[in-house]
Amino acid sequence: MLGFLTARQAGLDDPLRLRRAESTRRVFGLELNPDRDVDRIHGNGINTIDIEAVEGRYMLSGGSDGIIVVYDLENYSGKPQYTCKAVCTVGRSSRYVHKFSVETVQWYPYDTGMFVSSSFDKTMKVWDTETLKPAEVFEFEGNVYSHHLSPIARKHSLIAVGTKYPKVQLCDLKSGSRSHVLQGHRAEVLSVRWSPRYEHILATASADSKVKVWDVRRASGSLLDLDQHKGDKSKASTEAVNTAHNGRVNGLCFTGDGLYILTTGTDDRMRLWNSATGENTLVNYGKVCNESRKKLQFAVSRGCSPEFVFVPCGSSVAVYALHTGELVTMLRGHYNNVDCCEFHPDYQELYSGGKDCNILAWVPVLHASAVEDESNSSNKDAASQPSVNPALQDAWSSDED
Amino acid sequence: MNRKRALISDTFKVKKSRNGPEKFGVVCNGNGPVDVKSSLEYLMTLFPRKLFNDALPTIVLKHQLYSLHNDKTLVDKEVNKLREQAELLMFQLGFDTEAFGLTFISDYKAKVLAGQEGKVTRATVERFLEKLLTSSCTDLSFSKEKMLREFLFTDSEITQLVKSGVLTVRDAGSWWLSIPNSGKFTKYFIQGRKAVLGMVKKSKYSEVLQAELEERRTIAQVKFNMKYHIHDIVGADLVESIPTTSGALLRFVES
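Residues numbered from 1 in each chain as written. Chains lettered and ligands numbered in written order. Predicted model: local features only at pLDDT ≥ 70, side-chain atom pairs only at ≥ 80, totals over all residues. Heavy atoms only, no water.

If you check an unreviewed UniProt entry, chain B appears there as Serine/threonine kinase 19 from Solea senegalensis. Listed in UniProt under the heading Sequence similarities (unreviewed entry), the comment for chain B reads: "Belongs to the STK19 family." (UniProt positions renumbered as here; feature names shortened; annotations may be inferred.)

Naming follows an unreviewed UniProt entry, where chain A appears as DNA excision repair protein ERCC-8 of Solea senegalensis.

Following this line, the structure appears as structure tokens:
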């Protein structure tokens, strides 16, 4: 690490290199920290979490009881011990709350004034955060498994919705009406994601084992089907169909730069695909246990080198290196199945939620000096202040003035 | 390649080894280049030739290599390289979509031709093996148009190939490449795998030290070498291999 710092100081290295090195070091140190806690509001399992893209300060969570909670993640108290408080909730007492479990929540990508939630009560609601009332309600014929708003769209404001029916619905946020339908899947669509690189490219994953990549401007059908055997027809058990997995495909994620797509399926495999050509990069992650009948929300790190994938695996979160497929570590801490996890790119923290109604925060732990500092300071002042990070301590003001 | 500056990913070794560079209990291959060929040869020595009266070539499963090397992606790449160099053949064994069998091509050729001695189908089989060596060593299955057009085989010749065991039917108009008389191998293999897994599962806490498992008396069901089965169940992720101070521990994985 000192090598990176000296090189940056001397101008030998790009500033970005030092930043990436430190981010990577912090991800290696991810651990459950007794100092960081998230308020426990949900009474039932947590299905989905989303951290807003603008400041990374507010987090939304949706639970199986239909409740949506907004948390403030920022720590202004100066003390290392901090509980992320719930700022507001759409609870069971609200008139507009979802009747059944909330499957996906997402902040509006440009500000936190609005968020969209979709649920098994066959509706998708667009909420105003200030008043906590839905500004718009979209109704569908089947359970809504997943929806996604494009994080970079400038020319359109479409929400892609995956429901129990095989047609992927596109709804327009500006006009409040449905825009068009993408046909091609044969079974329920479990997960939809827009590309973070091109605002018109959408990927959808379905229970018929296929993953399709679409350009929404094109009327005639999908651009590509992802094929796990890379065109080598000899490996597939039947010749006809291109399948991405040998079972339901229930997790879909683009990497931060939009160049790769990751998919997980109930055949206990995770695959990495080149998003431009649809080619399977054949990275072997081994057995990634997956029994979820709904969608699985997993996350890819941003700003590290090498990039990491955090995928819920039973009751723990598995961390894999993205391009080599090596298992770095398993993060154990939940008491029951983990359903969703989200990476906070600015602080390199991971938040994961599961059936045990807890959201756990995995924070990089790098300084082992906390123990020595406490024993020293308890001798001096009678534990008036818990140990503060030495970088934040006041070294300026003098006691005399 | 000479790098002036180290890669960020090298500075932080992906696996943090808190206990120093030696991993106790596990025979690991260190950080040198992955030598898949020598691991293949080692695994081939574990295969029992006598059991099949020397009629079968030595078969190794691809996931057995995963138990010897850490990086699965590198192993896959090396295996594909060997297949393209026409040294290795891969087969779909049939009992699991992910279980692939590997044999050295020289071994396969010798055994198949030896098995065909004095049979009517010998000439066709020889021709097929020649074609296989030259053009498509990397294919697992063949479709009808391929056989008719590229290889110039007639329908009756295809039937002869299926009869001799070199091809097995996949669906109407396509065939898997296969090893003649490998039915016995598959049967003993599945039986043995089930028995060894049962031994691990029945142990206290569903875990057994690898050294102890190798010492145990092999019951009648297990006809292969115990080590062969251990590499198989570790590589297929049916048991987890945990390094301990007394050697590697195999713990049954609930699924």
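**Thoughts on the pattern of salt bridges**
Residues and elements named next belong to chain B. Counted under the stated rule, the structure contains 21 salt bridges over all chains. Between E130 and K109 there is a salt bridge; the shortest N-O distance is 3.4 Å. Residue E130 is located in helix α6 (residues 122-134), and its partner K109 is located in helix α5 (residues 105-115); the two are separated by 21 residues in the primary sequence. The class of E130 is partly exposed, set by a relative accessible area of 40%. Notably, a salt bridge pairs R193 with D232, separated by 2.9 Å at the nearest N-O pair. Highlighted residues: R193 in helix α9 (residues 183-202) and D232 in helix α11 (residues 226-235), separated in sequence by 39 residues. By relative accessible area, R193 is classed as buried at 15%. The network of salt bridges with shared partners includes E117, R122 and E126. (Salt bridge = Lys/Arg side-chain N within 4 Å of Asp/Glu carboxyl O. Helix = DSSP H or I, 4+ residues; strand = E, 2+ residues; numbered from the N terminus. Buried < 20%, exposed > 50% of the residue type's maximum accessible area, 1.4 Å probe, protein only.)

**Regarding the pairing of strand β3 (residues 100-104) of chain B**
All names here are of chain B. Most of β3 is tucked away, with 5 of its 5 residues classed as buried. Neither face of β3 is left uncovered, since the one carrying F100, L102 and F104 and the one carrying G101 and T103 both have all their residues buried. By the bridge criterion, 2 bridges tie strand β1 (residues 60-61) to β3 in an arrangement that is antiparallel. Looking at β3, one finds that L61 is bridged to G101. (Pairing = 2+ DSSP bridges.)

**Notes on helix α8 (residues 155-164) of chain B**
Count 3.6 residues to each turn of an α-helix, and residues three or four apart come out pointing the same way. Residues and elements named next belong to chain B. Buried residues of α8: E157, I158, L161 and S164, and no others. Buried residues along α8 cover an arc of 125 degrees about the axis, so they all sit on one side. Where α8 is buried, its residues contact α6, α7 (144-150), β5 (167-171) and β6 (174-177). Backbone geometry just after α8 places G165 at a positive phi near 100 degrees. (Arc of directions from axis to C-beta. Contact = heavy atoms within 4.5 Å.)

**So, the sheet that holds strand β16 (residues 189-194) of chain A**
Residues and elements named next belong to chain A. As summarised here, the arrangement of the 4 strands in space is β16-β17-β18-β19, forming an open sheet in which the pairing is antiparallel. One side of each edge strand has no neighbouring strand; the edge strands of this open sheet are β16 and β19 (224-225). Here strand β18 (residues 211-215) runs beside β19; their pairing, made up of 2 bridges, is antiparallel. In the strand pairing of β19, V213 is matched with L224.

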